[in-house]
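This is what each chain is made of:
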Amino acid sequence: MGNSWSYVPGDHYKSADQIVSLLVKIVSRGGNLLMNIGPGPDGDWDPVAYERLQQIGNWMKINGEGIYNTTPVTPYSEGNTFYTKLKNANTIYAFVLADKGSVTLPAKANFHLKIDNKVKKISLLGVNKKLKWAQYGDSINIIIPKNLQTNSGLSHTAAFKIQY
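Criteria and cut-off values
- Residues numbered from 1 in each chain as written.
- Predicted model: local features only at pLDDT ≥ 70, side-chain atom pairs only at ≥ 80, totals over all residues.
- Heavy atoms only, no water.
- Helix = DSSP H or I, 4+ residues; strand = E, 2+ residues; numbered from the N terminus.
- Expected span 1.5 Å × (residues − 1).
- Buried < 20%, exposed > 50% of the residue type's maximum accessible area, 1.4 Å probe, protein only.
- Arc of directions from axis to C-beta.
- Pairing = 2+ DSSP bridges.
- Axes fitted to C-alpha atoms, helices over the stretch in contact; angles between N-to-C directions.
- Contact = heavy atoms within 4.5 Å.
- Patch = residues over 30% accessible without salt bridge, like charges linked within 9 Å, V, L, I, M, F, W, Y side chains within 5 Å.
- Areas by Shrake-Rupley, 256 points an atom, 1.4 Å probe, with all protein chains shown as cover.
- Salt bridge = Lys/Arg side-chain N within 4 Å of Asp/Glu carboxyl O.

A few words now on helix α2 (residues 47-63). Every α-helix winds through 3.6 residues per turn, so residues three or four apart in the chain are directed the same way. An ideal rise of 1.5 Å per residue puts 24 Å on 17 residues; α2 measures up with 24 Å between its terminal C-alpha atoms. Buried residues of α2: Ala49, Arg52, Ile56, Trp59, Met60 and Asn63, and no others. The buried residues of α2 occupy one face: seen down the axis, they fall within an arc of 100°. Projecting away from the buried face of α2 at angles above 90 degrees are the exposed residues Pro47 and Lys61.

This is the structure we're talking about:
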């Protein structure tokens with residue numbers, strides 16, 4: 001979580017954004033993330049480590065279904081978007097990484113995925129609003145309502161759930 005594998009006075013801890021982004025990138029390529037938290041001189045973790053774990057846990061409560069029990073999906077990523085697929089199900093997750101803390105979504109999201117079937121439903125994890133979308137061959141276009149673009153309440157990374 002910091003820059004070393006053991007106690008270093010004044011070590012700099014990665015932000016929750018950096019850790020979540022790293023997790024999404026690794027899982028989208030079929031990997032697993034092993035995160036070390038070095039104890040302090042008294043054997044306890046730095047309070048910052050507890051804070052980061054809480055932030056990551058809160059994010060996982062909403063988005064964990066796109067991380068656990070998933071496999072990689074070609075093309076793995078497009079720009080700032082990373083893909084996973086739920087094992088033994090017709091569900092793909094498109095993770096749009098945030099730049100700083102809160103998620104800002106574009107007016108339109110466009111994903112290029114080779115899906116043999118017609119898309120049945122698209123939702124944004126953690127948001128209970130219907131999205132308008134259209135599928136054109138390997139391209140999926142989603143229109144993001146203006147109020148969700150900057151005020152979704154999501155942090156670190158947004159995940160679109162694409163069911164087909």
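Picture the strands of a sheet paired through backbone hydrogen bonds; they go either parallel or antiparallel. Here three strands make up an open sheet; going across it, the order is β4-β7-β6 and the pairing antiparallel. Lying at the two open borders of the sheet, with one neighbouring strand each, are β4 (108-112) and β6 (132-136). In this sheet, adjacent strand axes meet at a mean angle of 15° when their direction is disregarded.

What follows covers the pairing of strand β7 (residues 139-143). Note: β4 against β7, five bridges, orientation antiparallel. Bridging across to β7, alanine 109 finds its partner in isoleucine 142. Pairing of β6 with β7 involves five bridges; the strand directions are antiparallel. Looking across to β7, one finds that tyrosine 136 is bridged to serine 139. The loop that links β6 with its antiparallel partner β7 comprises two residues; one of these, glycine 137, has a positive phi angle of about 60°.

With that settled, consider the environment of alanine 107. Among the structural elements, alanine 107 can be located in the loop between β3 (91-102) and β4. Its relative accessible area of 42% is what places alanine 107 among the partly exposed residues. Sequence-wise, alanine 107 and glycine 66 are 41 residues apart; in three dimensions their C-alpha atoms are separated by 23 Å. Excluding anything up to four places from it in sequence, alanine 107 contacts Ile142, Ile143, Ile144 and Gln149.

A word on a nonpolar patch on the surface. A contiguous nonpolar patch, built from Leu22, Leu33, Met35, Trp45, Tyr50 and Leu53 and spanning about 470 Å² of accessible area, is present on the exposed surface. Note on placement: leucine 33 falls in the loop between α1 (16-28) and α2.

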